[in-house]
Amino acid sequence: MYPRSFEYVAPATIDEALTVLADNEGAKVLAGGMSLLPLMKLRLLSPELVVDIGRIPGLDQIEDKGDHISIGALVRHNQVASSELIQQHATALAQAASWTGDVQVRNRGTLCGSMAHADVAADQPAAVIALGATMVVKSSGGSREIAAGDFVVDVMTSALEPDEILVEIKLPKRGGGSAYDKLGRRGGHSDYAVAGASAWVRRENGRIADASVALTGVGTKPMLAHGVIEAIQGADATDDAIAAAADRAAEGVTVLEDLYGSVEYKTHLAKVFARRALSQALAAAS
Amino acid sequence: MTTTRLFGKAIKRKEDPALIAGTGRYVEDVRLPGELSAIFVRSPYARAGVNSIDTSAALEMPGVHAVYTIEDVRHLGSLLAQVPVGTLKPLLADGQIRHVGEAVAMVVGDDKYLARDAADAVEVDYDPMDAAVDLEDAATDRITVHDASNVIHTWEAGDSDGCAEAFGRDDVVVVERKMVNQRLIPVPIEPRAVLAEWNPGYGTVNLWSTTQIPHALAGAIATTFGLDANDVRVIAPEVGGGFGCKLNVYPDEILCTFASKMLGSPVRWTETRREAAVSTIQGRGWVATAKIAATREGDIVAYELAGLADMGAYSQNFTIAIPVLGQFTAPGQYDIPNVHFKIDCVYTNTPPTDAYRGAGRPEAAYYLERSVDALAADLDMDPAELRRRNYVKPEDFPFTTKVGMVMDSGQYAATLDRLLEMADVQGLRAEQTEAREKGRYLGIGLTTYVENCGLAPSAMFEGGFSWAGYGLPSAFNESATVRANPDGSVTVVTGTGPTGQGHETTWAQIASDTLGVPFDRVKVRHGDTHDSPMGIGTFGSRSAAVGGPAVARAAGRVQEKAARIAAHMLEAAAEDIRFEDGKAFVAGSPEQSVDWDNLVATAYQQYQLPEGLEAGLEDVAFFDPTNATWPYGAHMAVVEVDPETGDVELLRYLAVDDCGTVINPMIVAGQVQGGIAQGIGQAMFEEAVYDEQGSLLTSSLADYPIPTAADMPSFEMDMTVTPTDANPLGVKGIGEAGTIGSAQTIVAAVLDALRPLGVETIDMPLRPKRVWQAIQDVGQGGEG
């Protein structure tokens, strides 16, 4: 648990940070440190340079931008969990943040950091994906926007290039209701997700006008449950319709066995939590 | 007679202000000038030959002082053990790796970071081989860990024939279950740490260590290096939990001492959390079959426990003897006419096992209570009534069990009744019935246990669990010095080695009462072998039952002398002197008194004392109890299981424990709560998982979840008090009781919840996947 030696720099502005990143291949960005530092201590990752963006002002805000909510790169899990704005417009994310790690982790870790780390069993990426968020990514060469569903690419791999920083997450305020539910490794909602699902639902005239569902813990990455989404769009807002749609949760997912569950069990849980998240989201949308 | 004022009271712990404020001093807080850091090169393989070790690149790195291999330390011999049966651990791997994480080389550098870099640069050429990992497979000797059978010892007691005959009766119900009591990784909050300082000028060694057994460690260092005991000073400052895993002498303690001798600088090593998972002993690891028989009326006629216990790859301190502690308590609280216990100790290519909170007794209680529950289900009897029917009755004590132990005292039915009353079992059963109608699965688990603690009398273990290997007497007595300092303050020096048990408080309560000195003026010193008289250490719930009476005895002797001095000063008879509130006075006429401080000052002035009395006011006492003590209790858990996910929610946990006379009920409650949490950890979360090649898959706390406060319900607790006659205080010990009583209670509750689904047995830990699978296996689980 002792990292290799590394250089450390704490830029004062995001532009400065981007320049440092562009100039130093193999540099890594440090925000809350809840993912990067353990990897370094285990020597699984030994960057030559750590670029600490923690002292850059202005990145720690959750702001109402009218049609969307803006979440800055240094917004901590606890801020997300306790934000009334997020509780109201992105309930799923507030729930996911409240069940992430423990108090110490929630006080240090950042939502953007969690997205960039792209852990297969993290809570918040599922919510961010289901809520249809947009990731704002910058490099010294400019900026680009990536749909949350495309942001997590593979096992612990995001779409970020080495010289890019995830500076902001935009959560659309598109009405409806959302929810996140999971089974934690420690049981209940505690610890990483053995399996979890986040759902967003917009309801119209007893039907599900629009919906999105994302899974975590089940496969190689937090991801959209395309089968469920296809089945639930336009379906009746009934328990049966939800259960039938949720049954398609594992479609197209490479379910991975781990210490916490067999393929069969996790496949089953994907369906259970897709159903539970949809039901709760629907209730919240009503 | 002394008025007891603090004994039995919930006095706040003297230890806590420093611990809570963060000013407590641990091994890592001790800093010596010029100290170096050690890092170990550890094997990634569980079983491998070591063809060669190339240390040249590491030695060339700046700041690296030495890289040691077995060639450098073979002359020091193997690690010492209290029970030296089987193969003792070499200080560093000697040509053959026998468990993952076994240390191959030790790097010493200016700091731990560059020592780590250098350790990574040590090139070891391994020849990996298939390993003996699975316990039952290892018992077949298909792959042997050493050059002999893996089965190195068998503990057997009771009457095999009697059991066989009883099981064959046609008027009895027999229930047989094979169960796993899984291997656990002890996780004290403070990992192990050592700082060794060999002073060539004085020819002495100072060793700071997180040990539970300072005197044994000092003995081991002296024996290994050919020193006198008074050349070695072991200091265990604050120790952040031990739970048995610090009840060992470890290679790193010997090797840091060696490195300090060779390099002329202090050498420090602190294990990392992941390292602790392979460098420190592990606990439990039994695969055994329990068989129980009873008449249709519920009279238990036979109980047999037979199986295997996983020793890991080497015999460490007490490794081989752990199962016999389970043998001692195998029949539990029951008067069973036929009992047979037979456990084979088996080597595997995994880190050695040894004492972990409860050590053999949680395993025994687990198998027995699971069996009694299965029997109750088969007989369709109330689990409480079946137990009550078979209890040893209060009037039958002292009770000699069928495994040859003499149990001191108990009122098992009364303790059970108190629990049932607290729980309102009938109300709970009604709630359960109602919940089941709504498709909710509530479960109620009830179990009872007995513990054997304060290993005694010493003579019983002569030659068996000897400390002789450490150059210590073969005894289990404890000691205390009580000293009235010239200013009237009182110092108690104990031979026990607390790791959070609160001895600074409880020992002070005893001394304060005996001498009538205010509690605040009594300080307890511990964990320094230069300070304290010979003591064995803190483990096996023994400190109160063995160390406590030593404090009382020493304080009593000081009181006797103080009484003679007071009598002289007050012109009264010594037998009439009483001590209270900082005064010595004449019974019946409190106005005839002398201040304690004045009395003590006088005690240090020879010319003021009566003829024949020597100056000074201190004494040392040793205590060896006449018997072990047998605390016991009854526990209950209430759970709800989500059958769709297998998730278990612990709703309530109730415990009524009886540890004899209580010195400090708050400390007892804390011990019980912590113990229960550890048992819940085993029941619900914890398991050391090795793959087929012997790699540990659960070496981080991310994959080895331990219970946290957030996982625990608010415990509902009470106690009954049935004193022991094994010591004058009547205390029995409480350190391990909660752990011994709890794991099977949780399992009982979960099985009770799942009964309507047809699930009859399950192995720990009850992680959701396993509960769900158990439901699937009986074919009634649905997609919901």
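Residues numbered from 1 in each chain as written. Chains lettered and ligands numbered in written order. Predicted model: local features only at pLDDT ≥ 70, side-chain atom pairs only at ≥ 80, totals over all residues.

### Some remarks on the overall build of chain B
Then comes step 1: Helix and strand content of chain B: 20 helices and 28 strands.
Then comes step 2: Taken over C-alpha atoms, the radius of gyration comes to 27 Å for chain B, in line with the 28 Å a tight globule of 784 residues would show.
Then comes step 3: Once the C-alpha set of chain B is aligned to its principal axes, its extents read approximately 90 × 75 × 50 Å.
Then comes step 4: Expressed as a percentage of the 784 residues in chain B, the buried residues total 58%.
Then comes step 5: A fraction of 79% describes how many contacts in chain B between residues 6 or more apart in sequence connect residues 24 or more apart. (Helix = DSSP H or I, 4+ residues; strand = E, 2+ residues; numbered from the N terminus. Rg over C-alpha atoms; globule rule 2.2 N^0.38 Å. Buried ≥ 20, exposed ≤ 12 C-beta atoms within 10 Å, placed from the backbone. Contact = placed C-beta atoms within 7 Å.)

### Quick word on the overall build of chain A
Then comes step 1: Helices and strands together make up the secondary structure of chain A, namely twelve helices and 14 strands.
Then comes step 2: In terms of overall dimensions, chain A is globule-like: its C-alpha atoms have a radius of gyration of 19 Å, near the 19 Å expected for 286 residues.
Then comes step 3: Considered along the principal axes of its C-alpha atoms, chain A spans approximately 55 × 45 × 30 Å.
Then comes step 4: Within the span of chain A, comprising 286 residues, buried residues form 52% of the whole.
Then comes step 5: Nonlocal contacts in chain A, meaning residues at least 24 apart in sequence, comprise 64% of its contacts between residues at least 6 apart.

### A few points about the interface of chain B and chain A
Interfaces are often sized by the amount of accessible area the parts lose when they come together.
Then comes step 1: Of the residues lining the interface, 28 residues belong to chain B; the matching set on chain A comes to 21 residues.
Then comes step 2: If you list the elements that add at least two residues to the side of chain B that touches chain A, you get α4 (112–121), α9 (273–279), β27 (647–658) and α20 (768–777) of chain B.
Then comes step 3: Split into classes, the residues belonging to the side of chain B that touches chain A amount to ten nonpolar, five polar and 13 charged. (Nonpolar A, V, L, I, M, F, W, Y, C, P; charged D, E, K, R; others polar.)

### Points about the sheet that holds strand β6 (residues 134–139) of chain A
Residue and element names in this part refer to chain A.
Then comes step 1: Here five strands make up an open sheet; going across it, the order is β4-β5-β10-β6-β7 and the pairing antiparallel. The sheet is open, and its two borders are formed by β4 (62–64) and β7 (142–147), each paired with just one other strand. Taking the axes of each pair of neighbouring strands and ignoring which way they run, one obtains an average angle of 25 degrees across the sheet.
Then comes step 2: Taken together, the five bridges between β6 and strand β10 (residues 165–172) define a ladder with antiparallel strand orientation. When the sheet's bridge partners are listed, T134 is paired in β10 with K170. (Pairing = 2+ DSSP bridges. Axes fitted to C-alpha atoms, helices over the stretch in contact; angles between N-to-C directions.)

### As for the packing of helix α11 (residues 239–246) of chain A against helix α12 (residues 263–285) of chain A
All names here are of chain A.
Then comes step 1: Interhelical geometry of α11 versus α12 gives an angle of 145 degrees and a closest axis separation of 8 Å. Once α11 is placed against α12, the crossing between them reads as right-handed. On α12, the residues that touch I242, A243 and A246 of α11 are K271, A274, R275, L278 and S279.
Then comes step 2: Its residues assigned to classes, the contact of α11 with α12 comprises five nonpolar, one polar and two charged. (Left-handed = near helix turned anticlockwise from the far one by under 90°.)

### What to know about the pairing of β27 of chain B
Residues and elements named next belong to chain B.
Then comes step 1: Of all twelve residues in β27, nine are buried, a share of seventy percent or more.
Then comes step 2: Judged from the eleven bridges that link them, strand β26 (residues 632–642) and β27 form a sheet pairing that is antiparallel. What sits directly across from V638, in β27, is R652.
Then comes step 3: Each parallel crossover has a hand, and the one from β27 via helix α18 (residues 665–684) to strand β28 (residues 716–719) is right-handed. (Right-handed = clockwise from strand over helix to strand, strands pointing away.)

### Re the sheet that holds strand β13 (residues 283–295) of chain B
Residue and element names in this part refer to chain B.
Then comes step 1: Read across the sheet, five strands follow the order β7-β15-β14-β13-β8 without closing on themselves; strand pairing throughout is mixed. Taken across any chain shown, the strands that pair with only one partner, and hence form the sheet edges, are β7 (151–158) and β8 (172–184). In this sheet, neighbouring strand axes are inclined to one another by 10 degrees on average, regardless of whether the strands run parallel or antiparallel.
Then comes step 2: Of the pairings in the sheet, the one linking strand β14 (residues 300–312) to strand β15 (residues 338–347) comprises ten bridges and is parallel in character. Among the inter-strand pairings, A309 is bridged to a residue of β15, identified as C345.
Then comes step 3: Those strands touched by helix α11 (residues 361–379) are β8, β13 and β14, and its axis lies near 145 degrees from that of β8.

### Observations concerning the nonpolar core
Then comes step 1: Membership of the largest hydrophobic core comes to 347 residues, with the highest contact counts inside it found for A274 of chain A together with V107 and V750 of chain B.
Then comes step 2: Looking at this core element by element, the count peaks at 13 residues for helix α16 (residues 543–570) of chain B.
Then comes step 3: If sequence neighbours within four positions are ignored, V750 of chain B has contacts with G443, V639, V641, V648, I762, L766 and V771 of chain B. (Core = buried A, V, L, I, M, F, W, Y, C linked by C-beta atoms within 7 Å.)

### So, helix α12 (residues 383–390) of chain B
Then comes step 1: Buried residues of α12 of chain B: P383, A384, L386, R387 and N390 of chain B, and no others. Considered in projection along α12 of chain B, the buried side chains sweep an arc of 165 degrees and stay on one side of the axis. (Arc of directions from axis to C-beta.)

### A closer look at the pairing of β14 of chain B
Residue and element names in this part refer to chain B.
Then comes step 1: Here β14 lies mainly inside the structure; twelve of its 13 residues are buried.
Then comes step 2: As paired elements, β13 and β14 share nine bridges and run antiparallel to each other. Bridge pairing links W286 to A309 in β14.
Then comes step 3: The antiparallel hairpin formed by β13 and β14 contains four residues in its connecting segment, where G298 sits at a positive phi of about 100 degrees.
Then comes step 4: At this point the chain moves from β14, through helix α10 (residues 322–328), to the parallel β15, and the crossover so formed is right-handed.

### Considerations on the environment of L160 of chain A
All names here are of chain A.
Then comes step 1: On the secondary structure map, L160 appears in the loop between β9 (157–158) and β10.
Then comes step 2: Between the C-alpha atoms of L160 and E230, which are 70 residues apart in sequence, the distance is 28 Å.
Then comes step 3: Residues within four places of L160 in sequence aside, it is in contact with A116, V137 and L166.

### Side note on the environment of R557 of chain B
Residue and element names in this part refer to chain B.
Then comes step 1: Here R557 shows up in helix α16.
Then comes step 2: On the neighbour-count criterion, R557 (16 C-beta atoms within 10 Å) is partly exposed.
Then comes step 3: Placed 223 residues apart in sequence, R557 and Y334 show a C-alpha to C-alpha distance of 41 Å.
Then comes step 4: Not counting residues within four places of it along the chain, the set of residues in contact with R557 comprises D619 and A621.

### Notes on unusual backbone geometry
Then comes step 1: The step from F397 of chain B to P398 of chain B runs through a cis peptide bond, and the omega angle for that step is -10 degrees.
Then comes step 2: As for its placement among the helices and strands, P398 of chain B is situated in the loop between α12 and β16 (399–400).
Then comes step 3: Even without being glycine, R43 of chain A reaches a positive phi, approximately 60 degrees.
Then comes step 4: Along the polypeptide, R43 of chain A turns up in the loop between α2 (36–41) and β3 (49–52).
Then comes step 5: We note that D424 of chain B has phi near 50 degrees; this positive angle belongs to a residue other than glycine.

### Notes on the confidence of the model for chain B
Then comes step 1: Looking at chain B, the pLDDT average stands at 95 and 98% of residues meet or exceed 70.
Then comes step 2: On the interface metric, ipTM, the complex scores 0.95, and its pTM is 0.96. (pLDDT = per-residue confidence, 0-100.)

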